[in-house]
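Residue-level structural notes
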Amino acid sequence: MIATRTLHIVIGSLSTRLSQPNRHFALNMLLKQVFVVLLFVMPNSMNGGDVSQQITASDINTALNRLDSLVAKQKLIYEKREKKITEMETIHQVECTDSIKAYLALADSMRTYCIRYSLKYATQADKMAKKQKNDSLATEAAISLLKIYPKTGLIKELSQILNDTDISKLTNKQLSEFYINAAIAYAHIMDIYAVYPDVQKEYMTDWMYYYNKAIDVCSNDILLTKYLQTKYFFIVGDYYASADAARSILSKVPCSNELYGEAAQILARCYQARGKTLEQTYYQALAAISSVTRADRENMALNLLGNLICSDKRHMQRAHSYLASAIEFSPYRSNPAQTDILLNSINNINLGYREKWNNNMLLFWSLMVFVLLSLVLLAALLARNKRNLDHIKKEKDLATRANSNKESFMKNFLEMCVLSTERMNDLCRFSLRKITAKQIDDLYQYIRSGRIMDEQRKEFLRLFDKSFFLAFPTFVDELNQLLRPEEQYTISADQMRLPPELRVYAMIRLGITNVSRMAKAMGYSTNTLYVYRGKVKAKAANKQTFESDFARICTP
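Residues numbered from 1 in each chain as written. Predicted model: local features only at pLDDT ≥ 70, side-chain atom pairs only at ≥ 80, totals over all residues. Heavy atoms only, no water.

Moving on to the overall build of the protein. For the protein, the count of helices and strands is 26 helices and zero strands. Burial statistics for the protein: of 556 residues in total, 44% are counted as buried. Surface exposure of the protein reaches about 30,200 Å², of which carbon and sulfur atoms provide 57%. (Helix = DSSP H or I, 4+ residues; strand = E, 2+ residues; numbered from the N terminus. Buried < 20%, exposed > 50% of the residue type's maximum accessible area, 1.4 Å probe, protein only. Areas by Shrake-Rupley, 256 points an atom, 1.4 Å probe, with all protein chains shown as cover.)

Below, the structure is given as structure tokens:
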């Protein structure tokens, strides 16, 4: 059956390639691909399509026990990696080749630790390389962005890089990396839109093109070829061949290798598609072990495992432990897709604990008449479950609030960008008219008046107040508790505007301590800022402890 499916794929690829102008090259590249395909198809065909090992409940318990020991020392694992990344962040501010390489190294290291910072460093390296007209490093930066864009949802930017890259100027090594990462990026996109066939179909042609190119350039690297084939077979729905290739990867690389985690995750998904929960749980546990071992904060393997086993009452406490650890050590609140998965997982655990709590209540009322000891034991169990429910509810509220605030911040940020662009455009048109009319003095007086900066600053402060109120809705109320009753501030909920002196303390709450920078942002002198700070402090109920009391407001 696998051989038949693969034969259809090969025939379709053959008809496409024979229509190309350079048929000899197309046939040569196709033969390489057929060789690699047969490398996986023949073993499956000879063994009835499934050569998986027999997974037992004992195997799953062994894997989960191993994962438990890693989760127990997860904090030390992440601290070790964070220390290593911190050491790498000692980049010189001078824009030189070494700085670009350092940014690229940081981007690669951050890719599985915090994708936002990885994108930041790769983008910085790309800008610096283009500014210095260093084509080689600019290409490396583009390849680095190829690895990042699909995971951040920047698909248009990914297409832009692929279209703008002149492959005729790439070295053999760069060309190989370019095609391989492009193929992996499009495989990720195809995976994202698997539930939307019409959208997925739009990317099918580009994916097949880069997949074929990648297979051709990495034909000598069997391990990488198997990884690409694993992705390929999974996307086309050949879960037997995909699982076989993934198992081959697991046997050749250690669990600390990123390929191990990717292969284990694909295996779990293959068995999920085939309805084999036992095997899915086992390989999902292996993927989580690899993720924790590598201190991969962007990987959802641990969370997916907790979500998978949460319905099993034997593993409910373990599932909650995995989810709590995943939330604590990951930047999920910055990723909408991951936030949705987290909320779903927390809801499942919440329902599980609630059902268990209800069952315990029924048992409690049934046995309370007969045995006093049972009453005590059940009460303790209920109390523990109630604490867990409260803890989960708090985590759910935090995740929901973080997701809502993220959308508000993005909206305000885009609004500020649009307003800035419009004002800059108006200034350019105004300046062009004045210069064309040779009214240089009018233009000088207009710029000297500083009116455009005042308008810009006024809009910035409006959006700052609005965003700050959304992030810290209790800020004014908590600050008022530190002031004398007659000196407290009254701000309506729909007003969302801070007085200048409270705006100073709002920036201090955000961690901005540079007085000069605050003064420039608000258009005040540094002396004025000190006056505002003194004005609020003078209203304090206890001036001696006001600063330390203020540092504790709006904290969890």
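This paragraph deals with the packing of aromatic side chains. Scanning the model with the defined rule gives 24 aromatic pairs in all. Ring centres 5.0 Å apart and planes at 80 degrees place the aromatic pair Y209 and Y210 in the edge-to-face group. Relative to F550, the ring of F475 has its centre 6.2 Å away and its plane inclined at 85 degrees; by these criteria the two rings are edge-to-face. In this pair, F475 is assigned in helix α22 (residues 475-480) and F550 in helix α26 (residues 546-550), connecting sequence segments 75 residues apart. (Phe/Tyr/Trp six-rings, centres within 6.5 Å; stacked < 30°, edge-to-face > 60°.)

The next subject is helix α21 (residues 451-471). Taking 1.5 Å of rise per residue, the 21 residues of α21 would be expected to cover 30 Å, and the 30 Å separating its terminal C-alpha atoms lies within 8% of that figure. Buried within α21 we find I452, Q456, E459, L461, L463, F464, D465, S467, F468, F469 and A471. (Expected span 1.5 Å × (residues − 1).)

What follows concerns the nonpolar core. The biggest cluster of nonpolar side chains holds 95 residues, and the ones touching the most others in it are L67 and Y283. Here this core gets 10 residues from one element, more than from any other, and that element is helix α9 (residues 172-192). (Core = buried A, V, L, I, M, F, W, Y, C linked by side-chain atoms within 4.5 Å.)

Here we take up unusual backbone geometry. Unlike most non-glycine residues, K133 shows phi in positive territory, near 55 degrees. Along the chain, K133 turns up in the loop between α6 (115-131) and α7 (135-152). We note that A295 has phi near 55 degrees; this positive angle belongs to a residue other than glycine. Within the secondary structure, A295 sits in the loop between α15 (277-293) and α16 (301-309). Among the residues examined, A295 registers a relative accessible area of 1% and is labelled buried.

Let's shift gears to the packing of α16 against helix α17 (residues 316-328). Close contact between α16 and α17 brings their axes to 8 Å; oriented N to C, the two are set at 155 degrees. Here α16 lies roughly antiparallel to α17, going by the angle between them. Like other packed secondary-structure pairs, α16 and α17 cross with a definite hand, here left-handed. Counted together, L302, N303, L305, G306, N307 and I309 of α16 and R318, A319, Y322, L323, S325 and A326 of α17 form the full contact between these two elements. Partitioning the contact of α16 with α17 into residue classes produces seven nonpolar, four polar and one charged. (Axes fitted to C-alpha atoms, helices over the stretch in contact; angles between N-to-C directions. Parallel < 35°, antiparallel > 145°, perpendicular 65-115°, else oblique. Left-handed = near helix turned anticlockwise from the far one by under 90°. Contact = heavy atoms within 4.5 Å. Nonpolar A, V, L, I, M, F, W, Y, C, P; charged D, E, K, R; others polar.)

Moving on, we get to the environment of Y282. Tracing the backbone shows Y282 in helix α15. Judged by relative accessible area, Y282 falls into the buried class, the value being 15%. Each C-alpha atom of the pair Y282 and L305 lies 9.4 Å from the other, and the pair is 23 residues apart in sequence. Apart from the residues lying within four places of it in its own chain, the contact partners of Y282 are I55, D59, I60 and A63.

The next thing to look at is the pattern of salt bridges. In total, this model carries 12 salt bridges according to the counting rule given. A salt bridge links D296 to R294; its shortest N-O distance comes to 3.1 Å. Taken individually, D296 and R294 each receive the classification buried, so the pair is uniform in this respect. A salt bridge links R497 to D465; the nearest nitrogen and oxygen atoms lie 3.3 Å apart. Here R497, found in the loop between α22 and α23 (500-509), pairs with D465, found in helix α21; they are 32 residues apart in sequence, far enough to count as distant. Judged by relative accessible area, which is 33%, R497 ranks as partly exposed. (Salt bridge = Lys/Arg side-chain N within 4 Å of Asp/Glu carboxyl O.)

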